[in-house]
Amino acid sequence: MTRRLAAAMITTVPLFLGTLSGVKADGLLDEIKERGKIVVGTEAAFEPFEFLKDGKIVGYNKDILDYVVEGLGVELEQLDLPFQGLLPGLIAGKFDLMATSTSINPERAAKYAFTRPIGTAMNLILARADDDSISSLDDMNGKVAATQLASVAQPKLEQFDAELKEAGGPGLGEVKLFTSFPETHVALASGQVDAIAIASPTAGVLMKKVPDTFKVIGPISDPAYLSWVVRPEDGDLRDFINMKIGELAESGKLKELQMKWFGFEMETPAEGYLPEGAK
């Protein structure tokens, strides 16, 4: 795949910067082309979807993003920001597109506009491989679990806690929230927490990188589609992105990228992925 890597600009900036200038008289897509640059918000801490390597953002989503940007014929300015600030920053006009794997759920779909899925994931509970006190989800009663703040895993973990209590157990001993998923990996390995809730693709990569360190206890959610996000009024940009993802899917390149970064294929349907009432 041809990339315009020379045009890529990877910058870390705080969210208090001003909104993008320009009047979208003919839609955001035309504004981006006239500007000659697309500004993208990303959290580069979700390997292998997007992560930092040698100071540059790389990963599955970056490969797709490069293809989209090449089709636009503009430069890329990619901001590496905490996940908690991405959706608010998008709505506030800090950037044009949120290109970080974001789970589609009814609450988000009622406020934001999702692109065609780029993958799927379910939330899993991981524990230390040598922790014999946890071998099933029921063993999580009284245990300290962690996940990323404001991630889709947070409500799933809280729901799992409620289910443990409904089943007659005491529930989780405590839920700890961290700014990023890599922080939860460190917390689990160091014994700060007993378990973590993370997405299945990330769990697979993590266990491959540090074998015999963690073990999968079980899923706490059904599979969910992962997509990028635009503002509801920017349907022209979403349509263009969907077209480019469709090109990758039809050519077989999307499956090639999935095998490259994950070692398995994921569903990326062109329709039927949005819940009722979605933007």
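Structure shown above.
Reference entry: report on the structure contained in this document. The structure presented is a predicted model; accordingly, all values stated were derived computationally and were not measured.

Describing the pattern of salt bridges
At step 1: Under the defined criterion, the tally for this structure stands at 12 salt bridges.
At step 2: One continuous salt-bridge network, built from bridges that share partners, spans Glu31, Arg35 and Asp96.

Section: the packing of helix 2 (residues 60-72) against helix 9 (residues 253-261)
At step 1: It is the contact of helix 2 with helix 9, at a shortest axis distance of 9 Å, that shows an interaxial angle of 150 degrees. In terms of their interaxial angle, helix 2 and helix 9 are classed as roughly antiparallel. Helix-helix and strand crossings are classified by hand; for helix 2 and helix 9 the assignment is right-handed. Only Leu254, Leu257, Gln258, Lys260 and Trp261 of helix 9 make contact with helix 2, whose side of the interface consists of Tyr60, Asp63 and Ile64.
At step 2: Tallied by class, the residues present in the contact of helix 2 with helix 9 amount to 5 nonpolar, 1 polar and 2 charged.

What to know about the packing of aromatic side chains
At step 1: This structure, assessed with the given rule, holds 7 aromatic pairs.
At step 2: When the ring of Phe49 is compared with that of Tyr60, the centres are 6.1 Å apart and the planes differ by 70 degrees; the resulting orientation is edge-to-face. Note that Phe49 is positioned in the loop between strand 3 (45-46) and strand 4 (50-53) and Tyr60 in helix 2, a separation of 11 residues in sequence. Each member of the pair, Phe49 together with Tyr60, is buried.

With respect to the pairing of strand 12 (residues 174-178)
At step 1: The sheet contact formed by strand 11 (residues 144-148) and strand 12 spans 5 bridges and is parallel. Bridge pairing in strand 12 links Ala145 to Val175.
At step 2: Viewed along the sheet, the connection from strand 11 through helix 5 (residues 153-166) into strand 12 turns out right-handed.

So, how was this worked out
Residues numbered from 1 in each chain as written. Predicted model: local features only at pLDDT ≥ 70, side-chain atom pairs only at ≥ 80, totals over all residues. Heavy atoms only, no water. Salt bridge = Lys/Arg side-chain N within 4 Å of Asp/Glu carboxyl O. Axes fitted to C-alpha atoms, helices over the stretch in contact; angles between N-to-C directions. Helix = DSSP H or I, 4+ residues; strand = E, 2+ residues; numbered from the N terminus. Parallel < 35°, antiparallel > 145°, perpendicular 65-115°, else oblique. Left-handed = near helix turned anticlockwise from the far one by under 90°. Contact = heavy atoms within 4.5 Å. Nonpolar A, V, L, I, M, F, W, Y, C, P; charged D, E, K, R; others polar. Phe/Tyr/Trp six-rings, centres within 6.5 Å; stacked < 30°, edge-to-face > 60°. Buried < 20%, exposed > 50% of the residue type's maximum accessible area, 1.4 Å probe, protein only. Pairing = 2+ DSSP bridges. Right-handed = clockwise from strand over helix to strand, strands pointing away.

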